[in-house]
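The residues making up each chain are set out below.
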Amino acid sequence: MDEKTLRLSNTHADLVDRDRKHVLGWRYSPSIVFRAGKGVTLIDVDGNEYYDLTSGMMCLALGHGHPELVETIKEQAELFVHESSWYSNPWLIEFAELLASTLPGNLSVVNFTVTGSEANEVAMRMALGVTGAYDMVSVVRGLHGGSLAVESLTTVGGARRRHLGPLMIPSRANAIFPPFCYRCPVNLEYPQCDVACLRSSEELMEYVTSKNVAAIITETMLVAGGMIVPPPEWLPRLKRVAEDWGALLIVDEAQLAPGRTGKLWGFEHYDVVPDIVTFAKGMSAGFSICGAVTTPEIAEHAKGTVGIPWAGTYSGDPLPAAVAKKQLEIVLRDNLAQQAERLGEFLRNRLEELHKKYEVIGDVRGKGLYQMLDVVKSRESRAPDPVMAERIRHNALVEGLVLICVKNYLRICPPLIITQGDLDEVVGRLELAIQRAIEGHPEQLELTESGSLA
């Protein structure tokens, strides 16, 4: 199969060059400049269309330019965009009430933030205020944001933490082994292991913490660390570990809610209610509105002790609140969580076909419309192959598929409005990308610029 390349117009190439000169940011190679989005597609400045299998960095549950959201944006922009965060507005109150109505237990009080990093730091503050303890325990291979406190708890590796040691919080303990059954951290097999990784983790906590633990934080599924889907016992047992240590359990749902896994909240797949749940990306509809939800008791206990309630200049603004509220209403009205479950099963079956055909696909993992290909050097070794993964991502882009690839993990995360026909087309194009990668295309791979190796 001949190598297929992406050809940019002079105008497009000029924009790429100007972006490189004046904007400091991560960029994949080849770099693309997009000018529009419609439904499940992105459109570059040359007019080429691509399936957006990132959902706008996991933020756009309803895809690009959803007509009801566009109308909400227009109406709200004419009415009320921004206010002092020392006041409230009807849309923020109604969004908070709607969020509370979707959550189990007594999770009903929201501290709004601008970013997911802030949401997790607010959750950490709550835990400090309630418990009087200070150690923060996280799961290895977890990702919780980029501000310094949550960066301390993030352990996906790579350049993101290089040279940051002096700024990391000292009261962190990255002590929980990931429930990564494909590459078991304690070299056992599920289910015979009886989730031994968690037993080993609690033993490790005895040695690497001060035993003054305020919180254990985890993603429901550890996405950036390898789309690690825990066995059913793991999250409930982790909650019991937190209770035994007098700590709170914080569940980070930034990449999963609403509906992506086939449930509105990812943790609903497990018989557990966290003490605090944080939301971001998917719940934001692409706007800067995130937050931490907890119980009235925890909120009241934390209030006034550790900078809680917390608010920045833009947290709780009326425009993002109105749009996020409308998006969640549509997700609920149109039963998009159930649709994600149904379409996710179709997507998973099609990806499993690729797994059977191509040795480089070591495993397929995920739930609903969030799936991942684990790219390996061989099935037997299960050794990660980030170079092959990057070749696949590059070829997929040429085939009109925008994917996230980090290390040897290829994520597939389309908007919840995608159709079965679209998914069939996506997998067909992805297979062509895999075939070209196996044949060694592209021959000249810019590994130093590769997001896969970051």
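The coordinates are above.
Heads up: these notes are all about the structure in this document. (Residues numbered from 1 in each chain as written. Predicted model: local features only at pLDDT ≥ 70, side-chain atom pairs only at ≥ 80, totals over all residues. Heavy atoms only, no water.)

1. Comments concerning the packing of helix H12 (residues 386–398) against helix H13 (residues 420–438)
The contact between H12 and H13 brings their axes to 8 Å, and the two run at 130 degrees. With respect to H13, the element H12 is oriented oblique. Between H12 and H13 the crossing geometry is right-handed. Contacts from Met 388, Arg 391, Ile 392, Asn 395 and Ala 396 in H12 reach Leu 430, Ala 433, Ile 434, Arg 436, Ala 437 and Ile 438 in H13. For the contact of H12 with H13, the class distribution of residues is eight nonpolar, one polar and two charged. (Axes fitted to C-alpha atoms, helices over the stretch in contact; angles between N-to-C directions. Helix = DSSP H or I, 4+ residues; strand = E, 2+ residues; numbered from the N terminus. Parallel < 35°, antiparallel > 145°, perpendicular 65-115°, else oblique. Left-handed = near helix turned anticlockwise from the far one by under 90°. Contact = heavy atoms within 4.5 Å. Nonpolar A, V, L, I, M, F, W, Y, C, P; charged D, E, K, R; others polar.)

2. Structural notes on the layout of surface pockets
Here the second largest pocket is characterised by a volume of approximately 470 Å³. Forming the boundary of the second largest pocket are 26 residues, of which Val 109, Val 110, Asn 111, Phe 112 and Pro 309 lie nearest the centre. Going through the elements one at a time, helix H4 (90–102), strand E4 (109–113) and helix H9 (296–302) are the ones with two or more residues in the lining of the second largest pocket. Residues of the lining of the second largest pocket, tallied by class, amount to 15 nonpolar, seven polar and four charged. (1 Å grid on protein atoms, 1.4 Å probe; cavity = no way out; pocket = protein on both sides within 12 Å on 5 of 7 lines; lining within 4 Å. Points joined across faces, edges and corners; volume = space filled by probe spheres on them.)

3. Some details on helix H7 (residues 196–208)
Relative to the 18 Å expected for 13 residues at 1.5 Å per residue, H7 spans 18 Å between its end C-alpha atoms, a close match to the ideal helical length. Taken residue by residue, H7 has Ala 196, Cys 197, Leu 198, Ser 201 and Met 205 as its buried positions. Elements that come into contact with the buried residues of H7 comprise strand E5 (135–139), strand E6 (172–176), strand E7 (213–219) and helix H8 (234–244). (Expected span 1.5 Å × (residues − 1). Buried < 20%, exposed > 50% of the residue type's maximum accessible area, 1.4 Å probe, protein only.)

4. Focus: the side chain of Asp 44
By the element assignment, Asp 44 lies in strand E2 (residues 41–44). With no salt bridge to any partner, buried Asp 44 finds its closest opposite charge in Arg 35, at an N-O distance of 6.3 Å. When neighbours within four sequence positions are excluded, Asp 44 is seen to be in contact with His 12, Ile 32, Val 33, Phe 34, Arg 35 and Tyr 50. (Lys, Arg positive; Asp, Glu negative; His and termini not counted. Salt bridge = Lys/Arg side-chain N within 4 Å of Asp/Glu carboxyl O.)

5. Quick word on helix H10 (residues 318–333)
Over its 16 residues, H10 runs 22 Å from end to end, which matches the ideal 22 Å to within 8%, given 1.5 Å per residue. When you tally the buried positions in H10, you get 12 out of 16 residues, the bulk of the element. Of the residues making up H10, those classed as buried are Pro 318, Leu 319, Pro 320, Ala 321, Ala 322, Val 323, Ala 324, Lys 325, Gln 327, Leu 328, Ile 330 and Val 331. Residues of H10 that are buried in the fold lie against helix H3 (67–79), H4 and helix H11 (336–357). Within two residues after H10, Asn 335 carries a phi angle of roughly 50 degrees, on the positive side.

6. Details of empty space enclosed by the protein
Empty space among the atoms becomes apparent when a probe as large as a water molecule is rolled across them. Under the counting rule described, the total for this entry stands at three cavities of 30 Å³ or more. Taken together, 13 residues form the lining of the largest cavity, with Cys 181, Cys 184, Tyr 190, Cys 193 and Cys 197 sitting closest to its centre. Partitioned by chemical class, the residues of the lining of the largest cavity number 12 nonpolar, no polar and one charged. Approximately 40 Å³ is the volume found for the second largest cavity. Contributing to the lining of the second largest cavity are Met 58, Ala 61, Gln 255, Leu 256, Ala 257, Pro 258, Arg 260, Gly 282 and Leu 416. Residue classes in the lining of the second largest cavity are distributed as six nonpolar, two polar and one charged.

7. A word on the sheet that holds strand E15 (residues 409–412)
In space, the four strands of this open sheet follow the order E11-E12-E15-E14, with antiparallel pairing throughout. The open sheet is flanked by strand E11 (361–367) and strand E14 (404–406), the only strands paired with a single partner. For this sheet the average axis-to-axis angle between neighbouring strands, irrespective of direction, equals 20 degrees. With six bridges joining them, E11 and strand E12 (residues 370–375) adopt antiparallel strand pairing. Within the sheet, the bridge partner assigned to Asp 363 lies in E12 and is Asp 374. (Pairing = 2+ DSSP bridges.)

8. Considerations on the pairing of E2
Both faces of E2 are covered, namely the face carrying Thr 41 and Ile 43 and the face carrying Leu 42 and Asp 44. As defined by bridge partners, strand E1 (residues 34–38) adjoins E2 across four bridges and the pair is classed as antiparallel. Paired with Phe 34 across the two strands is Asp 44, which belongs to E2. Hairpin geometry of E1 and E2 is characterised by an intervening segment of two residues between the two adjacent antiparallel strands and by a positive phi of about 65 degrees at Gly 39. In this sheet, strand E3 (residues 49–52) lies alongside E2 in antiparallel orientation, the contact comprising three bridges. In the sheet register, Ile 43 faces E3, and the bridge partner there is Glu 49.

9. As for the pattern of salt bridges
For the structure on display, the rule yields 24 salt bridges. Lys 326 is the salt-bridge partner of Glu 329, the closest N and O atoms lying 3.7 Å from each other. Within this pair, Glu 329 and its partner Lys 326 are both found in helix H10, separated by three residues, close to a single helical turn. Since its relative accessible area comes to 25%, Lys 326 is described here as partly exposed.

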